[in-house]
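# Structural overview for review
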Amino acid sequence: MSSKNISFGSIGVFALMCVSLPITAFSEGAFLRNAQPLDDEFRGYCLDVAGAAAHLNLDAALQTHTCKYSEGNEDQLFEWVLPNKVHMPEYDLCLAVDEIAEGGKFFVQSCSDAEEQSWILTPDGMLSPTSGLDLCLTLASERRHAGTPAWVSPVFHVREVSLAPCDTSAQAHQQLR
């Protein structure tokens, strides 16, 4: 039986790769998911295009929907494109807001240099327009069924999403991971 020595350098490289995985995953398409539990929905809420499959509505305002951890979740996958774009690779569209003001609604649109498509994700997980750093993507307090019948299991839920003033007391509705 032979024994192999593992160097501290190898361990360091492995540790660095493990730490960088979440960043790499977001650059290849990942959920924009709430970081803190809001209710009994353990799957979390992910930014989502309304509808599904043949009923997908790319023109409708975005919402948050119970995260879909299976096939068919392309309508919830985003990637960060430097320096300040959030892109949906499946549809080649970018995250946008209809107005940079409280109550602004989120959409996906053809990518451009418009300020309504320029974002910053803060180290504590808040997504803000670069020209409105006092505003954050915010999940609504109320949830509703996502259109699936109540007898279907698991039940999916939806929360509306809009821009609201960034506030540490609202982090449960504003912090993403």
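Residues numbered from 1 in each chain as written. Predicted model: local features only at pLDDT ≥ 70, side-chain atom pairs only at ≥ 80, totals over all residues. Heavy atoms only, no water.

### Notes on unusual backbone geometry
- The omega torsion of the bond from Leu 82 to Pro 83 falls at 5°, within 30 degrees of zero and hence cis.
- Its location among the elements puts Pro 83 in the loop between strand S4 (77–81) and strand S5 (85–88).
- The residue Ala 53 is not glycine, and still its phi comes out positive at about 50°.
- By secondary structure assignment, the location of Ala 53 is in the loop between strand S2 (45–48) and strand S3 (63–66).
- With phi around 50°, Asp 92 is a residue other than glycine that occupies positive phi space.
- Position of Asp 92 relative to the elements: it lies in the loop between S5 and strand S6 (93–97). (Helix = DSSP H or I, 4+ residues; strand = E, 2+ residues; numbered from the N terminus.)

### Regarding the confidence of the model for the chain
- For the chain, mean pLDDT is 86; residues scoring 70 or higher make up 84% of the total.
- Low pLDDT, under 50, characterises residues 8–27; the predicted model gives this stretch eight contacts beyond four residues in sequence or across chains. (pLDDT = per-residue confidence, 0-100. Contact = heavy atoms within 4.5 Å.)

### Side note on the nonpolar core
- In this structure, Leu 47, Val 86, Leu 95, Phe 106, Trp 119, Leu 127 and Leu 137 are the most contacted members of the largest nonpolar core, which totals 22 residues.
- Going through the elements one at a time, S2, S4, S5, S6, strand S7 (106–109), strand S10 (135–139) and strand S12 (157–165) are the ones with two or more residues in this core.
- Once residues lying within four places of it in the same chain are set aside, the contact partners of Val 86 are Leu 32, Phe 78, Glu 79, Trp 80, Leu 93, Cys 94, Leu 95, Trp 119 and Leu 127. (Core = buried A, V, L, I, M, F, W, Y, C linked by side-chain atoms within 4.5 Å. Buried < 20%, exposed > 50% of the residue type's maximum accessible area, 1.4 Å probe, protein only.)

### Some thoughts on the sheet that holds strand S1 (residues 30–31)
- Strand order in the open sheet formed by five strands is S1-S4-S5-S6-S7, and the pairing between neighbours is antiparallel. Each end of this open sheet is capped by a strand with a single partner; those strands are S1 and S7.
- Inspection of the sheet shows S4 paired to S5 by three bridges, in the antiparallel sense. Its bridge partner being in S5, Val 81 is matched across the sheet by Lys 85. (Pairing = 2+ DSSP bridges.)

### Considerations on the packing of aromatic side chains
- The full count for this structure, using the stated rule, is two aromatic pairs.
- Both rings, one in Phe 31 and one in Tyr 69, keep their centres 5.2 Å apart while their planes meet at 85°; by these two values the pair is edge-to-face. Of this pair, Phe 31 sits in strand S1 while Tyr 69 sits in the loop between S3 and S4, and the two are 38 residues apart along the sequence.
- Summarising the aromatic geometry, the rings of Phe 106 and Trp 119 are spaced 5.5 Å apart at their centres and angled 25° between planes, so their arrangement reads as stacked. Residue Phe 106 is located in strand S7, and its partner Trp 119 is located in strand S8 (residues 119–121); the two are separated by 13 residues in the primary sequence. Per residue, the accessibility class of Phe 106 equals that of Trp 119, and both read buried.
- Cation over ring: Arg 159 sits above Tyr 45, and NZ or CZ is 4.8 Å from the ring centre. (Phe/Tyr/Trp six-rings, centres within 6.5 Å; stacked < 30°, edge-to-face > 60°. Lys NZ or Arg CZ within 6 Å of the ring centre and 35° of its normal.)

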